[in-house]
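Here are the chains, one letter per residue:
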Amino acid sequence: MADAVVDFLLENLKQLLLYNVDLISGLKDQIESLYRELSLMKAFLKDSMEKRSEYETVRELVRQIRDVAYEAEDIIDTFVVYAAMQKARSTMRKIIHVFDYSTNLRNVGKEIESIKAKVKEIYDKKMFGIEVLQGREPSKRGSLQRRAPVVEKDNVVGFDEEAKMVIDRLTKGPEQLEVISVVGMGGLGKMTLARKIYTDPSIEYHFYIRSWTYVSQEYSRREVFLNILSSLTELTDQMFKMSDERLGEELCIHLKSGKYLIVIDDVWTTTGWDDLKMAFPNSNNGSRILLTSRHTDVALHANHNSPPHHLRFLTDDESWELLHIKVFHRADCPSELEELGKQIAKKCSGLPLAVVVVAGLLSKKYKTHDWWKKVAESVSSYVARDPKQCMDILALSYKHLPHHLKVCFIYFGLFPEDFEIPVWKLLRLWVAEGFIQQIGPECLEDIAEEYLEDLVDRNLILVAKRRSNGRIKTCHIHDMLRDLCLREAAEEKFLQEIKGNAPMPSSSLTPIPNYHRRLCIHSQVLEYISSKPSGPHVRSFLCFALEDRDLPREHTSFIHEAFRLIRVLDVLPASISNLWNLQTLIVETTARNLDVQADLWKMLQFRHLYTSGSSHLHGPPAKARKDNEDPFVRRNIQTISTVSPDSCTENILARTPNLKKLGIRGKLLSLVEEKGGSSLFDNFAKLDRLETLKLLNDTFPRPPSEGKLPGLPQLYKFPPNLKKLTLSDTLLDWEHMSTLGMLPYLEVLKLKEYAFKGQRWEPLDGGFRLLKILHVGRTDLVQWDASGHHFPRLQCIILKHCGSLEAIPSGLGDVSALQILELYCTSSSAAASARLIQQRRQRMQQQQYTESHGLRLVIYPPDL
């Protein structure tokens, strides 16, 4: 942790010295000197890496370095914020505050000298109790190379019979509603077994209505109901305003429409079940609840007539099989490692979580006899079936993480238990926190994604969902590993959790303990914000509760004063433009429209804006050039999503030349309509870096037909390097697909609800040369005339609610790259044609004796 803190501080000082020296006028020499002193500390931290776990003296010095780095960061950031405010003042206001500014400058100078003295004192002590490592190659992380994501099926070992037994209990038996429970200790694989059952084809066939929800130790009844409802129907504004009881009744109504299976994962108390059961009707149609818990009494309370299924531990052979799969995948284990591997697997005592985490440690380090022997000796001191000692086994993997991954791993402790984490959000948070350091020319967000994939490869983070291109869409962390994050976070003074039962500050602007850099609020957001807490050292403020997200302006206006150094803010006060360090702004709201009144153009570090509603942005002053340079150009901004069409002005988009992702929601006619020979869409042609574009036609409260687009803009008006395009409710004629087909770099095309309308689609030759993923949502398409040469590189086709489509073009079976074909709620004839394509591909494969990937076909419901 100290490594990451010092790295980030050094990078910030470097940026100040190179690009914002006007903000540190009068302190430049002292900051340069501090930079040199801290660089020595960085070298010491690197040398001491291997010794920290062995010597308390070293650990204490590392803690001192961390605290001094925090103190230095606070001093510099506080002054920079003050200097930025002084710079923004009018001439008269600058004169009024000139003495305050001079005094502040002197005080900061003294504080920096004090910090330098502390750094020197620590550096003078560093040799005590330390043997500096000799002859060791310095660790290097060279330029990252983007790798293709590895997507493999979950390796479920030892669960086949277990799954069969539970599936029999779910699909057979009485017609009345029954609760079937799976019970076992943490890390034994309850969720893995439940997921295997939930995705089993026989279950998909038997239960037309299915949903999965997490409960955990701390849960919100309201969020559980909303979560289940969101998988059954589209949530409305009215639903968000309902009471908990009314939401339960609404859910009950939806579940009465058919036979259902609801998986309720990780229930800790009998009260937890009692709070939820009113929403699950007994319609005497064979519906079931699959409940998982660590506690037998919870299972018996939910259904005292049916004994729970107690999950067993793995056998030694199964443990070795799982370890082998996780470390070597399909390859053989070298003979010199096999015996050690079996010893390590046996010492995990049949606990799957311990096996996979240790496997991650083995696979990411050197696959040598000495390393495996060292791991075997470490594991031997623990007994995995004891939860406390199992935690020590899990901590082995944390101990051996590179320092740049340790801080990213601990960060998962901020998220609530069993929370499904959007990867786009996680990566931007890491960047804003300063965890990601520049490596060559790569984008910081791309480097962050590599870090996440590394943590997944080490089996420390679980993939929840993948995108159609194989990259991770959402992820989560096992409860026991989250507990490990919180344990290490407490040791590092990394974060503070604010929970529903936590005491509220007793008075206005009550200070938070100064070592907390991050606040995460898991419930009762409004109550906490209303108490007006103060966090002069806090850098991140995150909220994870749905029920309290409607924050009146009067309760948020104080935030820019109370949290001046904030970098990550997951709520929205009007005065956020005063937050000089802010990089990522995330606004979740049930409102369709949002007026962002804050002046984003004052925020020099800003990178990403994400709002769930359609946001109206205000541009900077149109005439603001000085010496032919535009002071409001923000080259850091990479994401603007989702905004209204009228925000796509030249005044805004010309100031964001490096924009990579743009999402637009609203009446798109105003975007493409020409006025005076030009349209707002014309501004997109200059966005050379834009790779992802979403165009969502929202005409509410009028029907989409009244906002139908007459056509698409001409090809040259599109962003020149566009790779991913999403359209929804545009109601375009299929003939306009020829324009999209000519986009030279398009790889992903998502046509959501009624993006196109019409009974026939005939693609033109020569288009879609690089298209890999095609998603077609609800449409009235009947005949699709296509062959292999129309989509030469297509890898994945997803069709949803194309009920009128008669058949999948047989010629698509000739596309050698095609690997995935998914049909949801299509016609039976379309499903039959897809099966014929799969059979044809299988025959071709057998005749050619190839071992290449076959065509994976998914049809839902399976009886089409």
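Residues numbered from 1 in each chain as written. Predicted model: local features only at pLDDT ≥ 70, side-chain atom pairs only at ≥ 80, totals over all residues. Heavy atoms only, no water.

Within an unreviewed UniProt entry, the label attached to the protein chain reads NB-ARC domain-containing protein, and the organism entered is Nyssa sinensis. The record in UniProt for the protein chain states the following under Subcellular location (unreviewed entry): "Cytoplasm". (UniProt positions renumbered as here; feature names shortened; annotations may be inferred.)

## Things to note about unusual backbone geometry
Cis geometry is adopted by the peptide bond preceding Thr642, which originates at Ser641 and carries an omega value of 5 degrees. Tracing the sequence through the fold places Thr642 in strand E18 (residues 639-643). The phi torsion at Asp266 lies on the positive side, around 70 degrees, for a residue other than glycine. Notably, Ser349 is not glycine yet its phi reads approximately 55 degrees, a positive angle. Mapping Ser349 onto the fold places it in the loop between helix H15 (335-347) and helix H16 (352-364). (Helix = DSSP H or I, 4+ residues; strand = E, 2+ residues; numbered from the N terminus.)

## Here's the deal with the sheet that holds strand E8 (residues 472-476)
Strand order in the open sheet formed by three strands is E6-E8-E7, with antiparallel pairing between adjacent strands. On the outer flanks of this sheet lie strand E6 (421-422) and strand E7 (462-466), each paired with one strand and no other. Pairing of E6 with E8, which is carried by two bridges, proceeds in the antiparallel orientation. Considered in E8, the bridge of Ile421 is made with Cys475. (Pairing = 2+ DSSP bridges.)

## Observations regarding the packing of helix H20 (residues 423-433) against helix H21 (residues 444-457)
Between H20 and H21, whose axes approach to 9 Å, the crossing angle comes to 115 degrees. With respect to each other, H20 and H21 are oriented roughly perpendicular. Seen along the crossing, H20 lies across H21 with a hand that is right-handed. Of the residues in H21, those in contact with Val423, Leu426, Leu427, Trp430 and Val431 of H20 are Leu444, Glu445, Ala448, Glu449, Tyr451, Leu452 and Leu455. Class assignment for the residues of the contact of H20 with H21 results in 10 nonpolar, no polar and two charged. (Axes fitted to C-alpha atoms, helices over the stretch in contact; angles between N-to-C directions. Parallel < 35°, antiparallel > 145°, perpendicular 65-115°, else oblique. Left-handed = near helix turned anticlockwise from the far one by under 90°. Contact = heavy atoms within 4.5 Å. Nonpolar A, V, L, I, M, F, W, Y, C, P; charged D, E, K, R; others polar.)

## Comments concerning the confidence of the model for the protein chain
Chain-level statistics for the protein chain give a pLDDT mean of 82 and a share of 81% at 70 or above. In the model, residues 127-153 has pLDDT below 50 throughout and makes 45 contacts with residues more than four positions away in sequence or in other chains. Taken as a whole, residues 503-508 scores under 50 in pLDDT and shows 11 contacts with residues more than four places along the chain or in a different chain. (pLDDT = per-residue confidence, 0-100.)

## Quick look at the sheet that holds strand E4 (residues 288-293)
Ordered in space as E2-E3-E4-E1-E5, the five strands form an open sheet in which the pairing is parallel. The sheet is open, and its two edges are formed by strand E2 (209-216) and strand E5 (309-310), each paired on a single side. Here strand E3 (residues 260-267) pairs with E4 via four bridges, running parallel. Its bridge partner being in E4, Leu261 is matched across the sheet by Arg288. Its contacts with the sheet place helix H7 (residues 190-198) against strand E1 (178-183), E2, E3 and E4, and it is angled at close to 170 degrees to E2. Together, E2 and E3 form the strand contacts of helix H9 (residues 221-232), whose direction differs from that of E2 by roughly 160 degrees.

## Regarding the environment of Ile637
Assignment of secondary structure puts Ile637 in the loop between strand E17 (608-617) and E18. For Ile637, a relative accessible area of 3% corresponds to the buried category. Between the C-alpha atom of Ile637 and that of Leu609, which follows or precedes it by 28 residues, the distance is 8.4 Å. Ignoring any residue separated from it by four or fewer positions in sequence, one finds Ile637 in contact with Trp601, Phe606, Arg607, Thr656, Asn658 and Leu659. (Buried < 20%, exposed > 50% of the residue type's maximum accessible area, 1.4 Å probe, protein only.)

## Re the environment of Cys475
Take Cys475: it is sitting in strand E8. Those residues within four positions of Cys475 in sequence are excluded, and the remaining contacts are Phe412, Phe419, Glu420, Ile421, Val423, Leu426, Leu452, Ile461, Leu462, Val463 and Ala464.

## Observations concerning empty space enclosed by the protein
Picture a little ball the size of a water molecule; that probe, rolled over the atoms, points out where space is still empty. The final tally for this structure, using the stated rule, is six cavities of 30 Å³ or more. There is about 40 Å³ of room inside the second largest cavity. Lining the second largest cavity are Leu668, Leu671, Val672, Phe681, Leu695, Leu709, Leu712 and Pro713. Looking at the lining of the second largest cavity, its residues break down into eight nonpolar, no polar and no charged. (1 Å grid on protein atoms, 1.4 Å probe; cavity = no way out; pocket = protein on both sides within 12 Å on 5 of 7 lines; lining within 4 Å. Points joined across faces, edges and corners; volume = space filled by probe spheres on them.)

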